[in-house]
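Analysis of the macromolecular model
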Amino acid sequence: MHAASFTHPRQVAPGMAVFCSERGMPGVVTATEGVYVEVMRPTGLVWRVRYWRLRPATSWERRQLIAIAALHRKSRRRIP
């Protein structure tokens, strides 16, 4: 079972791993502005979403972000 969505924008802070129900994927909060939150994936994908569409990432989703970051770094090293 997953944690509930955030109920107040002050519950969301930069650096926090979150899951976005709108996009169906986890990311890391990079900024907040009122009810809007900027979320980024390790690949560089950035999007803005309202805070109530987010929930804290599970431990599995946090591990997924770490694995994606490692894979992205590895693939970037192969580019001449």
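Residues numbered from 1 in each chain as written. Predicted model: local features only at pLDDT ≥ 70, side-chain atom pairs only at ≥ 80, totals over all residues. Heavy atoms only, no water.

As a further point, take the nonpolar core. It is characteristic of soluble globular proteins that their nonpolar side chains tend to be buried jointly. Formed by F6, V12, V18, C20, M25, V29, V37, V39, W47, V49, Y51 and L54, the largest nonpolar core amounts to 12 residues. Elements with a minimum of two residues in this core: β1 (17-20), β2 (25-33), β3 (36-40) and β4 (46-50). If sequence neighbours within four positions are ignored, V37 has contacts with V12, V29, A31, T32, W47, R48, V49, Y51 and L54. (Core = buried A, V, L, I, M, F, W, Y, C linked by side-chain atoms within 4.5 Å. Buried < 20%, exposed > 50% of the residue type's maximum accessible area, 1.4 Å probe, protein only. Helix = DSSP H or I, 4+ residues; strand = E, 2+ residues; numbered from the N terminus. Contact = heavy atoms within 4.5 Å.)

Attention now moves to the packing of aromatic side chains. Summed over all chains, the structure comprises 1 aromatic pair. When the ring of Y51 is compared with that of W52, the centres are 5.2 Å apart and the planes differ by 80°; the resulting orientation is edge-to-face. Look at Y51 and you get buried, because its relative accessible area is 11%. (Phe/Tyr/Trp six-rings, centres within 6.5 Å; stacked < 30°, edge-to-face > 60°.)

The next point concerns helix α1 (residues 59-77). Because each turn of an α-helix spans 3.6 residues, side chains separated by three or four positions in sequence point in the same direction. Here α1 contains 19 residues, and its C-alpha end-to-end distance of 28 Å stays within 8% of the 27 Å for a straight helix at 1.5 Å per residue. The set of residues buried in α1 consists of E61, L65, I68 and A69. For α1, the arc enclosing every buried residue in end-on projection is 100°, short of the 170-degree limit, so these residues lie on one face. Of the residues in α1, the exposed ones pointing more than 90 degrees away from the buried face are W60, I66, L71 and R77. Taken together, the buried residues of α1 touch β1, β2 and β5 (54-56). (Expected span 1.5 Å × (residues − 1). Arc of directions from axis to C-beta.)

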